[in-house]
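The chain contents come next:
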Amino acid sequence: MTATGPAPADLHDFAAQLRAYAPHDGVHALRVPNAFAVRASRTNAELFHSVYRPSVCIVAQGRKTVFLGPDLYEYDATRLLVFSLELPMASQVTRASAAEPYLALKLDVDPAQVAELAARVYPHGRPPVRENRGVYVGESTADLVRTATRVLTLLADDRDAALLAPLAVEELLIRLLRSSVGGRIAQIGHEESTVQRVARAVEWVRAHFDEPMDVPALAELVHMSPSTFHGHFKAVTGLSPLQFQKALRLREARRLMLVGRVDATTAGRRVGYASASQFTREYGRLFGRAPTRDIAHLREHGPDVDSAH
């Protein structure tokens, strides 16, 4: 049977449920594990910077764009977004207003649960995936939106939230596995897929981002030659290993200055920069402002919607 897109009535119901759990802008944890309601009541000209976990975002209304290296991915009520591994991303909400805010359900994906469900959905083997990318846009469907709405509806009752909502989340994952993004979702649970081997390297870089990087040793860790590893890493993340490490360092430095209230020199040193001038130069290139000006701007205007991702 051919999948059909969500009807206006389905999206209306989905948006109404999300409004109830996201009464103001931000990312709101729901009563079922790993699920969040996201709301933004205005567009943003500046990029939001955050780290996204392996997850799926299903939109009820509004539109958003994320940037991975030189590529951009736009999604809305007709298109959902899949993140296959943890990635430092920049994003923009491009359609939202106080009357019709951007509303979405974000579901962080557990690789072990996906592996178990994928074995049931694909007993004869996972479907092939032509390209290994960390981000993928797929078609949203009426069945997915209705199931996502049912997850939210079940959260209104304590017993339903504890007993039935996790089953509805499992149904949603099964429907995702059977959808146009099924192969991408299945990769998240397959330890030896290229995406998950790169994910293991990403995990190491995240844990040791302030240390010098040894790319050949990192390639050996995931059982690839250095040249193969470099190619696959850039294909999946949109960045070279060194660029990826730099992105993590700069985001952590920003967090240290904003939350920990340390000065720019200390923040740069803590994340691995020996040169304060290099830190200031690269920080400004990523965030558009020198460190001190950027933190002052964030404190005046508040954190962005994606800061909790």
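Look above for the structure.
Residues numbered from 1 in each chain as written. Predicted model: local features only at pLDDT ≥ 70, side-chain atom pairs only at ≥ 80, totals over all residues. Heavy atoms only, no water.

(A) Molecular detail of the overall build of the chain. A tally of regular secondary structure across the chain gives 13 helices and 10 strands. Computed over C-alpha atoms, the radius of gyration of the chain comes to 20 Å, within 12% of the 19 Å expected from 2.2 N^0.38 for 309 residues, which places it in the range of a compact globule. Based on the C-alpha atoms only, the size of the chain along its principal axes is roughly 55 × 50 × 35 Å. Among the 309 residues that make up the chain, the fraction classed as buried is 50%. For the chain, long-range pairs separated by at least 24 residues make up 74% of all intrachain contacts whose partners lie at least 6 apart in sequence. Counting only carbon and sulfur atoms, one obtains 52% of the accessible surface of the chain, whose full area is about 14500 Å². For the chain, the distance from the average site of its 37 positive side-chain charges to the average site of its 34 negative ones is 4 Å. (Helix = DSSP H or I, 4+ residues; strand = E, 2+ residues; numbered from the N terminus. Rg over C-alpha atoms; globule rule 2.2 N^0.38 Å. Buried < 20%, exposed > 50% of the residue type's maximum accessible area, 1.4 Å probe, protein only. Contact = heavy atoms within 4.5 Å. Areas by Shrake-Rupley, 256 points an atom, 1.4 Å probe, with all protein chains shown as cover. Lys, Arg positive; Asp, Glu negative; His and termini not counted. Charge placed at Lys NZ, Arg CZ, Asp CG, Glu CD.)

(B) Quick peek at the packing of helix H3 (residues 142–154) against helix H5 (residues 165–177). Packing of H3 against H5 leaves a shortest axis separation of 9 Å and a crossing angle of 165°. The angle between H3 and H5 falls in the class roughly antiparallel. Crossing hand, H3 versus H5: left-handed. Residue-level contacts link Asp143, Leu144, Thr147, Ala148, Arg150, Val151 and Leu154 of H3 to Ala165, Ala168, Val169, Glu171, Leu172, Arg175 and Leu176 of H5. Residue composition of the contact of H3 with H5, grouped by class: nine nonpolar, one polar and four charged. (Axes fitted to C-alpha atoms, helices over the stretch in contact; angles between N-to-C directions. Parallel < 35°, antiparallel > 145°, perpendicular 65-115°, else oblique. Left-handed = near helix turned anticlockwise from the far one by under 90°. Nonpolar A, V, L, I, M, F, W, Y, C, P; charged D, E, K, R; others polar.)

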